[in-house]
Amino acid sequence: MSTATATVPRGVTARGIDTRGNRRAKRRKRLGFVADHAVGIAVAVVFLAPFVFIVLQSFMTSQQALTGDLWPQSWHPGNYVEVFTKAPMWLYLRNTLLYATLATVFMLLSSIPAAYALSRLQWKGRNVAFVVVLMMMMLPPQVTQVPIYVMWTHLHLTGTLWPMILPNLLGDAFSIFLLRQFFLTIPQEYADAARVDGCSEWRVMTKVILPMAKPGIAATAMFMFFFCWNDFYGPILYTSENPDNWTISLGLASFRNLYQVQWNLTMAATILAMLPVLIVFFLAQKVFVEGITLTGVKG
Amino acid sequence: MTIAIETRSVGPTRPALRAKRRRQRLTVLAFLTPWLLGVAIFFVYPLIDTIYLSFTRYDLLSPPKWTGLTNYRFMFTKDPQVVQAAYNTLWLVAILVPARMLFGLAVATLVTRLKSGLGLFRTVFYLPALVPPVAGVLAFVFLFNPATGPVNQILGALGLPQPLWFNDPTLSKPSLVMLGLWGVGDLMIIFLASLLDVPKEQYEAAALDGVNPWQRFRYVTLPNISPVLMFAAITGVIAALQYFTEAVVAASVASGQATTGGGNSALLGYPEGSTLTYAQWLYVMGFKNYYLGYASALAVVMFVVSLGVTLILLRRARSLVYGAEGTR
């Protein structure tokens, strides 16, 4: 565009051509904008449609749920109350919160120092140790499942949530990996200054690095919490025989067949299981997105 | 190291230095102790024990009995269900992983082109990735249920055929792929970040050379984002190898049986075994039927496959190990 203006001598006709070209470019740009956004909106509608359909279903009466109707004739928020009377939802919630909270706290206690040593301290074998972290992160849990399951059987802890909680006291590979990536982004100078002042390494970590790594720690904790909230493999493996220790995932998976055959209540229960995660996400969106971005660091 | 100490001999004396270094080593050890115990108890020991148990017959009640290669022989010659399970899992590796990556890249590219509302679109596209897997499967089995599901209602209204989706052995896995595509948001966020990281100057230089959009993607975008694509591909394959929750819940809900994980072997991998995955077969054999020796053999094969995939990653991950600057 600018080259055209430069070569064409100034004049009424030249300016006329130029404006027309300008207008065309502008129109094309506007068309591109409209096209991109039309596609964007269409894709967004597809992504949101499942949410809309299940919300609509969750408000239908049980009679209407048997039909193929998409829109409720009358709205029944009572379905959400009924979910709690059909299935022990409070028990599931309590178990899930116990699992997720303890696992997250234990993970932080054990994984922060390990990640710190892997990123901020100099020692021989550090790279080897990091490779071990990567290998543990990549190892499917099924590979080591038999001996670990046998171990928990001997400790008489199968049927409880402890086999999923206690290992976090000894570090979680994915969390260590994530925390290390965060710690590496903090400039070395702050820690060095504290060391010159005679701080012990523990104090350097707790007083200097951890406050600066707060967003990273928050993201790691949130990932762990959500992992536990969503976990199905662990609960079905260890607690499927003991409904008193079922989590929301497990309760929800059996909801439709054990407590209800109609879709309206099942969808109400489904929404109840999604809701806490979605709420936390909206409250802490920024921390979350930053965290996910770091999980995809260049390999 | 020693040279460094000697040249700096103006500083503290040698014994003092040695004491300091010993203290440093103790500090490192103190920071690492819980994790080192974890490596021993939850990684090294069970890995070795799994290999040992894979050569035994073991049911938890009596001690493991050495049977040599029996488990492996059974697996490779006499177990039709492991063939089906391995086929389904490899199908997911071959279809689900590339489909999710292509779709994730497409959505991320779309988001970069949206001049207004980028944040809003990003949130909308990410949202389904947050949905707990069990809730997501339930939602999809409802949406696609043949009789009353909204998808078939809409298809019917448009005069199109109404497939059985999760109840049709040829469509059950594609239905799971659609579920995976709906939850593509995690990949999208990672790809988006790396797309936005591509230096603007490279695009400008390409524009001056007059390249077409495909060349622009092939020679500017792709080299810049390929490390991230590689990482996503490998973690995707590892996740697909252990695909479990969605398959188990979809089969149980679509079949209408309250068997969480396959107590009823007739309905395993409903419909017609089309959703039986390798991880589920391992779970059923080991922890429902207590053939723990056989489950260990299944685990060893899984280990070999996932190790191969991980080693590719580790070779690629040099930059990750040796400093953040990265020498690709």
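None of the values given here were measured: they were computed from a predicted structure.

A.B. asks: Got a minute to help me understand the domain arrangement of chain A in this structure?
C.D. replies: Accessible area lost upon the coming together of the parts serves often as the stated size of an interface. Residues and elements named next belong to chain A. Per the domain assignment, the segments making up chain A are domain 1 (19–81) and domain 2 (87–294). Across the boundary between the two partners, domain 1 contributes twelve residues, which contact nine residues of domain 2. Around 960 Å² of area is buried between domain 1 and domain 2 when both sides are counted, 74% of it from carbon and sulfur atoms. Taken together, the connections running from domain 1 to domain 2 amount to zero salt bridges. The interface formed by domain 1 and domain 2 contains three residue pairs in polar contact (both at pLDDT 80 or more). If you tally residues by element for the side of domain 1 that touches domain 2, the top one is helix α2 (residues 12–58), at five residues. Its residues placed into classes, the side of domain 1 that touches domain 2 shows seven nonpolar, five polar and no charged.

A.B. asks: I tried to follow the confidence of the model for chain A on my own but got confused; where do I start?
C.D. replies: Regions with low pLDDT should not have their predicted coordinates read in detail. Residue and element names in this part refer to chain A. Summarising the model, chain A shows a mean pLDDT of 88, and 92% of its residues fall at 70 or more. No element of chain A has a lower mean pLDDT than helix α1 (residues 2–7), at 40, and none a higher one than helix α8 (residues 162–165), at 98. Long-range and interchain partners of residues 1–16, a stretch whose pLDDT sits below 50, account for six contacts in this model, where long-range means more than four residues apart.

A.B. asks: Help me out: how do you make sense of the interface of chain A and chain B in this one?
C.D. replies: The interface of chain A with chain B comprises 100 residues on the first partner and 98 residues on the second. The interface formed by chain A and chain B contains two salt bridges. In this structure, E241 of chain A and K288 of chain B form a salt bridge, with 3.3 Å as the shortest nitrogen-oxygen distance. If you look at where chain A meets chain B, you find seven residue pairs in polar contact (both at pLDDT 80 or more). For the side of chain A that touches chain B, the element with the highest residue contribution is α2 of chain A, accounting for 16 residues. Its residues assigned to classes, the side of chain A that touches chain B shows 69 nonpolar, 25 polar and six charged.

A.B. asks: Sorry, what's going on with the nonpolar core here?
C.D. replies: As a rule of thumb, soluble globular proteins bury nonpolar side chains together. Counting residues in each nonpolar core, the largest one holds 195 residues, and the members touching the most others are F125, F191 and W281 of chain B. With residues up to four places along the chain from it excluded, the contact list for F125 of chain B reads G40, V43, A44 and F47 of chain A together with V107, L110, V111, G185 and M188 of chain B.

A.B. asks: Hey, could you run me through the environment of L229 of chain B in this one?
C.D. replies: Residue and element names in this part refer to chain B. The residue L229 is located in helix α11 (residues 213–241) in this model. The buried category is assigned to L229, whose relative accessible area is 15%. Every residue in contact with L229, bar those within four places of it in the chain, is listed here: M101, F191 and L222.

A.B. asks: Where do I start with the side chain of R256 of chain A in this structure?
C.D. replies: As for its placement among the helices and strands, R256 of chain A is situated in helix α14 (residues 248–258). Buried and unpaired, R256 of chain A has E82 of chain A as its nearest opposite-charge partner, separated by 14 Å. Once you skip the residues sitting within four places of it in the chain, R256 of chain A turns out to touch V261, W263 and T266 of chain A together with V253 of chain B.

A.B. asks: Would you explain the packing of aromatic side chains in this entry?
C.D. replies: Two aromatic rings are characterised by how far apart their centres lie and by the angle between their planes. Counted according to the given criterion, the structure contains 34 aromatic pairs over all chains. Arranged with centres 5.7 Å apart and planes meeting at 15°, the rings of Y149 of chain A and Y238 of chain A form a pair that is stacked. Here Y238 of chain A lies in helix α13 (residues 233–239) and Y149 of chain A lies in helix α7 (residues 145–154), a separation of 89 residues in the sequence. By relative accessible area, Y238 of chain A is classed as buried at 7%. Between W202 of chain A and F31 of chain B the ring centres are 5.8 Å apart and the planes differ by 65°, which places this aromatic pair in the edge-to-face class.

Rules of the game
- Residues numbered from 1 in each chain as written.
- Chains lettered and ligands numbered in written order.
- Predicted model: local features only at pLDDT ≥ 70, side-chain atom pairs only at ≥ 80, totals over all residues.
- Heavy atoms only, no water.
- Domains from an automatic or database assignment.
- Contact = heavy atoms within 4.5 Å.
- Buried area = accessible area lost by both parts, 1.4 Å probe.
- Salt bridge = Lys/Arg side-chain N within 4 Å of Asp/Glu carboxyl O.
- Polar contact = N/O pair within 3.5 Å; in protein donor to acceptor, adjacent residues only side chain to side chain.
- Helix = DSSP H or I, 4+ residues; strand = E, 2+ residues; numbered from the N terminus.
- Nonpolar A, V, L, I, M, F, W, Y, C, P; charged D, E, K, R; others polar.
- pLDDT = per-residue confidence, 0-100.
- Core = buried A, V, L, I, M, F, W, Y, C linked by side-chain atoms within 4.5 Å.
- Buried < 20%, exposed > 50% of the residue type's maximum accessible area, 1.4 Å probe, protein only.
- Lys, Arg positive; Asp, Glu negative; His and termini not counted.
- Phe/Tyr/Trp six-rings, centres within 6.5 Å; stacked < 30°, edge-to-face > 60°.

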